[in-house]
Amino acid sequence: MAKEELIEMRGRVEEILPDSRCRVKLDNGHELVAYTGGKMKKHRIRIIAGDDVTLEMSPYDLTKGRIMFRHLPERRSGPPGQRPPVRRR
């Protein structure tokens, strides 16, 4: 097995921990502690409890992971590019 082969999984953030770490529950029910990846720290992408994320794990230690992507929730407003109406008083 090559050193670069990582396991990629999806999960949901259950709890935010100190030092930019999170407790994540994977789709298969496994729970682990993950930290934010370098680009996410660099661009200050915030992660809150309830976010769907993609993480990478080493096949050697399945209790730790690195969050690589935060999936945005589906927007239920009108078509893309259309702004909601402005309410004026």
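In this text the structure is predicted, and so the values were computed from the model without any measurement.

Considering the overall build of the protein chain
- Along its length, the protein chain carries 1 helix and 5 strands.
- Here the protein chain holds 89 residues, and the buried ones make up 21% of them.
- For the protein chain, the share of sequence-separated contacts (at least 6 apart) that also reach a separation of at least 24 residues comes to 50%.
- Only carbon and sulfur atoms are counted for the fraction: they give 50% of the accessible area of the protein chain, which is about 7600 Å².

Points about unusual backbone geometry
- Backbone geometry places D19, a non-glycine residue, at a positive phi of 65°.
- As for its position among the elements, D19 is in the loop between β1 (7-17) and β2 (21-26).
- Given the relative accessible area of 61%, D19 is considered exposed.
- With a phi angle near 50°, S20 is a residue other than glycine that sits in the positive phi range.
- Locating S20 in the fold gives a position in the loop between β1 and β2.
- S20 sits in the partly exposed class, given a relative accessible area of 33%.

Considerations on the layout of surface pockets
- Computed from the structure, the largest pocket encloses a volume of approximately 180 Å³.
- Lining of the largest pocket is provided by I16, L17, S20, R21, C22, T36, M40, K41, R44, I45, R46 and I47.
- Breaking the lining of the largest pocket down by element, the ones donating at least two residues are β1, β2 and α1 (38-42).
- In the lining of the largest pocket, the residues fall into 6 nonpolar, 2 polar and 4 charged.

Considerations on the sheet that holds β2
- If you trace the 5 strands once around the closed barrel, you get β1-β2-β3-β5-β4, paired in mixed fashion. Each neighbouring strand pair of the sheet contributes to a mean axis angle of 50°, computed without reference to strand direction.

Here is what the cut-offs are and how they apply
- Residues numbered from 1 in each chain as written.
- Predicted model: local features only at pLDDT ≥ 70, side-chain atom pairs only at ≥ 80, totals over all residues.
- Heavy atoms only, no water.
- Helix = DSSP H or I, 4+ residues; strand = E, 2+ residues; numbered from the N terminus.
- Buried < 20%, exposed > 50% of the residue type's maximum accessible area, 1.4 Å probe, protein only.
- Contact = heavy atoms within 4.5 Å.
- Areas by Shrake-Rupley, 256 points an atom, 1.4 Å probe, with all protein chains shown as cover.
- 1 Å grid on protein atoms, 1.4 Å probe; cavity = no way out; pocket = protein on both sides within 12 Å on 5 of 7 lines; lining within 4 Å.
- Points joined across faces, edges and corners; volume = space filled by probe spheres on them.
- Nonpolar A, V, L, I, M, F, W, Y, C, P; charged D, E, K, R; others polar.
- Pairing = 2+ DSSP bridges.
- Axes fitted to C-alpha atoms, helices over the stretch in contact; angles between N-to-C directions.

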